[in-house]
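Results of the structural survey
Letter by letter, the chains look like this.
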Amino acid sequence: MSDVSQKDLDEFAQEADAWFAENTPGEQDFMLPLTFMEVGTDQQFDFLRDWQRSVYEAGYLGAAWPKAYGGGGLTQAHQDLATAAMRKYRGPIILNAIGTGWTGPLLLDIGTEEHKKKYLKGILSAEDIWCQGFSEPDNGSDLGNAQLRAVRDGDEYVLNGSKIWTTNGHYAKYMILLARTNPDAPNKYAGLSFMLCPMTVPGIETVKIRKLTGEHGFTQTFFTDARIPADGLMGKEGEGWNVAMLTLQYERNAKGGQAGGYVITETDPLEILDLARKTKSAGKPVLDDPVVRDQMMDFIIETQALNMGRQRAKLPPLNQDRPMALPLMSKLMHTEYARRINEFAIGLQGANGAYYINEPNAVDAGYWHRSYLNAFSATIGGGTSQIQRNIVGEHVLGLPKTR
Ligand SMILES: Cc1cc2nc3c(=O)[nH]c(=O)nc-3n(C[C@H](O)[C@H](O)[C@H](O)COP(=O)(O)OP(=O)(O)OC[C@H]3O[C@@H](n4cnc5c(N)ncnc54)[C@H](O)[C@@H]3O)c2cc1C
């Protein structure tokens, strides 16, 4: 940030504020996805793709990525200001999360010049939607055991096997995937390779899966003699595990470089305050109940703590004792908090909390119930909370390995 003046940043912030004030869409007559993991209809997809494109074209997504690859060539401080403005006006989520959040930074970090030129702009503009093929039907947390087979044949790899829980698999043009190139490697990790895979080649089929919310959002993806260009290999053959671990650092917010914006709608405790004011128990607002007030305050304090943690993580002198503590805790803390605060919002409604969207007596049209069920997604996707706890235990606290 050394060559950026505060005046530049202030002007940029004002422009971003004005743009989001003017251009953030209002309520729609269809349900907008609360996270990038629940885009189930073409209407939702088209709407969110248009939104991402317009944010990008206005200069408020990828502002810190290099100009040569379609970015804005500004600083992370600029992008953070743009994201704050987007949050202030409660703009819809950014659709192409796997592109903007983890494939893009990965390509900027270790991609070839050709990769960067070919893929980065399409990621920002949402022209090219990306998905992630890590999990398999029998290997989720145990990612190192992935079995999708890739056999080199000239300039191509031939893929056979299956991936599952592929978020936006049915809309994606490309997938980042982990495949087994050498089943005889001395250990399971050494047999893996990481590839950028076009989803449009013959032999790749996606089948939608319905979630507990009733919405779609992910697929099972089948590969049957699918031939993909070998130039999509990231790193060398057999180095896939290291590339996957780097990807997960972006995915879990342990490493920066993402294009900006947000991909999950955060619950603001002040919205719950409104809910607690208007919801009645024995004729009185539930907010009058001292226990509820106490719990409410805990959530407000916790939100402040999470926000301050985000700020602190950016200041190395404040993290000298355990530099990886905040980055490695980030996903666990934020996703579990989101689940708990939505659970609390439903609890305030008493028996009415059981009504779901489209049911006549549902409070706020069932928003909280849907938000609660969706909040589980992020506690599982990208590594479950149990796995995150293991990571914090081993890598921050120095506890013995689980296995
Ligand atoms: C909404 C959503 C979107 C997703 N999107 C994608 C995607 O786009 N791409 C993709 O590749 N995957 C995706 N996933 C899959 C996700 O990464 C896996 O579901 C997750 O890693 C867990 O794997 P699993 O489902 O096989 O469960 P398992 O690994 O079978 O785990 C079952 C249970 O055992 C626990 N467990 C397992 N191992 C341990 C251990 N060592 N210590 C303690 N507890 C353990 C887990 O925490 C879990 O509670 C998505 C999942 C969801 C829910």
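Residues numbered from 1 in each chain as written. Predicted model: local features only at pLDDT ≥ 70, side-chain atom pairs only at ≥ 80, totals over all residues.

The number of helices and strands found in the protein is 11 helices and 10 strands. For a compact globule of 403 residues, the expected C-alpha radius of gyration is about 22 Å, and the protein comes in at 22 Å, within 12% of that figure. Over its C-alpha atoms, taken along the principal directions, the protein stretches across nearly 75 × 50 × 50 Å. Taking all 403 residues of the protein together, the buried fraction comes to 40%. Here the analysis covers contacts within the protein between residues at least 6 apart in sequence; of these, 71% occur between residues at least 24 apart. (Helix = DSSP H or I, 4+ residues; strand = E, 2+ residues; numbered from the N terminus. Rg over C-alpha atoms; globule rule 2.2 N^0.38 Å. Buried ≥ 20, exposed ≤ 12 C-beta atoms within 10 Å, placed from the backbone. Contact = placed C-beta atoms within 7 Å.)

With respect to the secondary-structure elements, isoleucine 341 resides in helix α9 (residues 325-348). Its 24 C-beta neighbours within 10 Å are what place isoleucine 341 among the buried residues. For the pair isoleucine 341 and proline 105, spaced 236 residues apart in sequence, the C-alpha separation works out to 31 Å. Discounting chain neighbours no more than four positions away, the residues touching isoleucine 341 are Thr267, Pro269, Ile272 and Phe299.

Turning next to the pairing of strand β2 (residues 149-153). Residues in a regular strand point their side chains to alternate faces of the sheet. Here β2 pairs with strand β3 (residues 156-167) via 5 bridges, running antiparallel. Looking at β3, one finds that valine 151 is bridged to valine 158. In this antiparallel pair of consecutive strands, β2 and β3, the connection spans 2 residues, and glycine 154 shows a positive phi of 65 degrees. (Pairing = 2+ DSSP bridges.)

Attention shifts here to the environment of alanine 313. Here alanine 313 shows up in helix α8 (residues 290-313). The exposure class of alanine 313 is partly exposed, given the 19 C-beta atoms found within 10 Å. Each C-alpha atom, one on alanine 313 and one on phenylalanine 218, is 32 Å from the other, the two residues being 95 residues apart in sequence. When near neighbours in sequence (up to four residues on either side) are disregarded, alanine 313 contacts Asn319, Leu326 and Pro327.

Entries for the protein in the domain assignment read domain 1 (6-129), domain 2 (131-251) and domain 3 (269-395). Broken down by class, the residue content of the side of domain 2 that touches domain 3 amounts to 2 nonpolar, 3 polar and 1 charged. (Domains from an automatic or database assignment. Nonpolar A, V, L, I, M, F, W, Y, C, P; charged D, E, K, R; others polar.)

Moving on to the site of the ligand. Taken together, 22 residues lie near the ligand, and Phe134, Gly140, Ser141, Thr384 and Gln386 sit nearest. Mapped by element, the contributors of at least two residues to the shell around the ligand are β1 (130-133), β3, α10 (367-380) and α11 (385-395). Classifying every residue of the shell around the ligand gives 7 nonpolar, 15 polar and no charged. Built from parts of two domains, the shell around the ligand gets at least three residues from each of domain 2 (131-251) and domain 3 (269-395). (Near = placed C-beta within 6 Å.)

Now for the packing of helix α1 (residues 6-23) against helix α3 (residues 76-88). Relative to each other, α1 and α3 sit at 30 degrees, their axes nearing to 9 Å. The orientation of α1 with respect to α3, classified from their angle, is roughly parallel. In the crossing of α1 with α3, the sense of the turn from one axis to the other is right-handed. Together, Leu9, Phe12, Ala13, Ala16, Asp17 and Phe20 of α1 and Ala77, His78, Leu81, Ala82, Ala85, Met86 and Lys88 of α3 make up the contact between the two elements. Among the residues forming the contact of α1 with α3, the class breakdown is 10 nonpolar, 1 polar and 2 charged. (Axes fitted to C-alpha atoms, helices over the stretch in contact; angles between N-to-C directions. Parallel < 35°, antiparallel > 145°, perpendicular 65-115°, else oblique. Left-handed = near helix turned anticlockwise from the far one by under 90°.)

Glancing now at the pairing of β3. Here β3 pairs with strand β7 (residues 218-229) via 9 bridges, running antiparallel. Residue pairing for β7: tyrosine 157 is matched across the bridge by isoleucine 228.

This part takes up the nonpolar core. Where a protein is soluble and globular, its nonpolar side chains tend to be buried together. Counting 88 residues, the largest nonpolar core has Trp130, Leu159, Met175, Leu177, Leu178, Met195 and Cys197 as the members making the most contacts within it. The contacts of methionine 195, once residues within four sequence positions are left out, are Ala150, Tyr157, Leu177, Ala179, Ile228, Gly232, Leu233 and Met234. (Core = buried A, V, L, I, M, F, W, Y, C linked by C-beta atoms within 7 Å.)

Now for unusual backbone geometry. Glycine aside, residues mostly have negative phi, and peptide bonds are mostly found in the trans state. Not every positive phi belongs to a glycine, and alanine 126 is a case in point at roughly 70 degrees. Turning to its location among the elements, alanine 126 is positioned in the loop between α5 (113-125) and β1. Unlike most non-glycine residues, aspartate 364 shows phi in positive territory, near 50 degrees. For aspartate 364, the location among the structural elements is in the loop between α9 and α10. Among the residues examined, aspartate 364 registers 17 C-beta atoms within 10 Å and is labelled partly exposed.

Following the sequence through the fold, isoleucine 300 ends up in helix α8. Note: C-alpha distance between isoleucine 300 and alanine 82 (218 residues apart in sequence) is 24 Å.

A few words now on the packing of α9 against α10. Close contact between α9 and α10 brings their axes to 8 Å; oriented N to C, the two are set at 160 degrees. In terms of orientation, α9 lies roughly antiparallel with respect to α10. Relative to α10, the crossing made by α9 is left-handed. Mapping the contact onto sequence places Thr335, Glu336, Ala338, Arg339, Asn342, Glu343, Ala345 and Ile346 in α9 and Trp368, His369, Ser371, Tyr372, Ala375, Phe376, Ala378 and Thr379 in α10.

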